[in-house]
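# Understanding the architecture of this molecule
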Amino acid sequence: MEEPARMIHRPSRAAAAFAASVALSASGLAAASSHREAPAIARDPAADNTDLYAWVEGSNLVILASYIPLEEPASGPNFHGFSDDVLYEVHIARGPSSLEDALTYQFRFSTTPYGAADPAGLAPAPSGGNEFFSQLAGAEQTYTVTKIEGGASTVILAGAPVAPPNIGRRTNQLAYQITGGGYPAFATSSKFLKQMTGGEGRAWVGPRDDSFYADLGHGSDLAGLCPLLAAPNPSCTARDNLAGFNVHTLALEIPLAIANGGSEPTAGPSDQQTLGIWASASRRKVRILRANGKEDGLGPWVQVSRVGLPLINTWIIGLQDKDRYNRAHPRDDLANFGAYFLNPILVRDAEFAGLYRAGQPLAGLDPEALKQNRTDLIDTFNLKPARLGGHSLETVGDVLRIDLGMPSGFPNGRALVAGADHEQTDVTDALLTLLLTGAPGATAGDGVAANDARFLPAFPYLATAWEGATQGHFKP
């Protein structure tokens, strides 16, 4: 495995500012799905995977890979965005016997610099770099999508614009020059919703509402989730702590025949048409920060973040190994981290917090049996139970499995309900139940059952990014 990326500093104020960046601690039991779940990636939000969705919608495979957790919409004058120095990738493995990439979609970004202007000049806005408001300063970001299959690389989309942040109505009118439909229609218009060449499908990139919903506050307080505490418990009201936040999303809509290696999938379970999907972010092994604040990358790419199944690094991998996990390939998960899957720490933490004591909702369960030899976890993630098609997949790793011939619902994919405010399966409740009770039909959730916004009825499905001027994560 490659060693982590290193940075060589040139003496400068910019370098000193970078060195003084503050490490955000990894949250405990109930961090959202891969939102700042590991200590190192918490310091690098532009490369931090958040959520991954993948499901069959009609004749297409939809993949939504989000990054940059907990974006406050009112974060101007410089707003969140993808990094030109990060390689973002969506990986697809095929069949039962390999987790190596059969398909890879690489996203690279390019941002135009602010135009130069004389600070002493009195030129009317917009005035290039001589400007307070970033939306008037002239920088635009575009992206390129490269498809890698069978060792061949093909650019299937080049110079596509990234949808801009949702700042407010004055920006819409004066800077974006939106003439009708407002920001929601503008952000998903043909300007940003792009067909990829050769019938490869469609892509969309930009800010969206953070579609994950969970009670982070109570969960991080040593598993104090409201439904897991003895009733009556009037002081405990479940809250969606992700409400009002945005993320940045890479959205792909891929024809099923392309995803399946050239043929349409058949109805019914099949190991051969089962995919393993995951997303990652990588940085150059060596980074040089110049005196002017610009950064140069040298050497090979080194993976710094990844996500497949929701909440694996958050709830299953121990704090000591979370950064190592982010750098690893799913093919090595069983060898490197198998003990975490077989002996879930979460059960021990829940026992320490008293959730299995008499009078508590989990009383009567045997935590000793739930602490060890949890082959049921691996079987579920590999779709082995009869209710999941009875698959016989030979590989084990943190990938989102999806059998293209079966209805998409976690753990067979992760589907949003188009036009609704929830996922097909509440993955927080499903995983908590599986981990803490060992019984998929039981209920051990966080008390938050819906997103704070409704999903779109069509691609790219995720709800419109919250507006910084009038919305966001705040209380009036």
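The present account deals with the structure reproduced in this document. All figures in this text were calculated on a predicted structure; none of them were measured in a lab.

## Quick look at the overall build of the chain
Per the secondary structure count, the chain includes twelve helices and 13 strands. Over its C-alpha atoms the chain spans a radius of gyration of 23 Å, differing by no more than 12% from the 23 Å that the globule rule assigns to 476 residues. When the backbone C-alpha atoms are referred to their principal axes, the chain occupies close to 75 × 55 × 50 Å. Going through the 476 residues of the chain one by one, you find that 51% of them count as buried. Taking as baseline every contact in the chain between residues at least 6 positions apart, the subset at least 24 positions apart corresponds to 67%.

## Looking at the state of the cysteines
Summed over the entire model, instances satisfying the criterion amount to one disulfide. The disulfide partner of cysteine 226 is cysteine 236, and the gap between their sulfur atoms is 1.9 Å. Residues cysteine 226 and cysteine 236 share a disulfide whose torsion about the S-S bond is about -90 degrees; that sign makes it left-handed. Of the two residues, cysteine 226 sits in the loop between α4 (216-220) and β10 (246-255) while cysteine 236 sits in the loop between α4 and β10, which places them ten residues apart along the sequence. Accessibility expressed as a relative area gives 13% for cysteine 226, which makes it buried.

## A few points about the side chain of aspartate 333
On the secondary structure map, aspartate 333 appears in helix α8 (residues 333-342). Overall, the relative accessible area of 1% leaves aspartate 333 in the buried class. Filtering out sequence-adjacent residues up to four positions away, aspartate 333 remains in contact with Arg306, Tyr325, Gly338, Val396, Gly397 and Asp398.

## Quick notes on the environment of aspartate 332
Following the sequence through the fold, aspartate 332 ends up in the loop between α7 (322-327) and α8. Along the backbone, aspartate 332 and glycine 397 are 65 residues apart, and their C-alpha atoms lie at a distance of 7.1 Å.

## Brief notes about the side chain of serine 280
Along the chain, the position of serine 280 falls in strand β11 (residues 274-289). The residues touching serine 280, leaving out its near neighbours within four places in the chain, are Asn49, Tyr67, Leu87, Tyr88, Glu89, His91, Gln303, Ser305 and Arg306.

## Here we look at the nonpolar core
Residues Leu61, Ile63, Tyr88, Tyr105, Phe107 and Tyr143 are the most contacted members of the largest nonpolar core, which totals 101 residues. For this core, the element with the most residues is strand β3 (residues 60-71), which contributes seven residues.

## A word on the environment of leucine 393
If you trace the backbone, leucine 393 turns up in the loop between α11 (375-381) and β13 (400-403). Residue class for leucine 393 comes out buried when judged on its relative accessible area of 11%. Measuring from C-alpha to C-alpha, the distance between leucine 393 and serine 97 comes to 6.7 Å, with 296 residues separating the pair along the chain.

## Things to note about the packing of helix α9 (residues 345-352) against helix α12 (residues 427-437)
Geometrically, a packed helix pair is captured by the angle between its two axes and the distance between the axes. Where α9 contacts α12, the axes come no closer than 8 Å and their chain directions differ by 80 degrees. Taken together, the axes of α9 and α12 are roughly perpendicular relative to one another. Residues Leu346, Val347 and Ala350 of α9 form the contact with α12, whose participating residues are Leu432, Leu435 and Leu436. Its residues assigned to classes, the contact of α9 with α12 comprises six nonpolar, no polar and no charged.

Procedures and definitions
Residues numbered from 1 in each chain as written. Predicted model: local features only at pLDDT ≥ 70, side-chain atom pairs only at ≥ 80, totals over all residues. Heavy atoms only, no water. Helix = DSSP H or I, 4+ residues; strand = E, 2+ residues; numbered from the N terminus. Rg over C-alpha atoms; globule rule 2.2 N^0.38 Å. Buried < 20%, exposed > 50% of the residue type's maximum accessible area, 1.4 Å probe, protein only. Contact = heavy atoms within 4.5 Å. Disulfide = S-S within 2.5 Å. Core = buried A, V, L, I, M, F, W, Y, C linked by side-chain atoms within 4.5 Å. Axes fitted to C-alpha atoms, helices over the stretch in contact; angles between N-to-C directions. Parallel < 35°, antiparallel > 145°, perpendicular 65-115°, else oblique. Nonpolar A, V, L, I, M, F, W, Y, C, P; charged D, E, K, R; others polar.

Treat this as a map of the structure, not an account of what it does.
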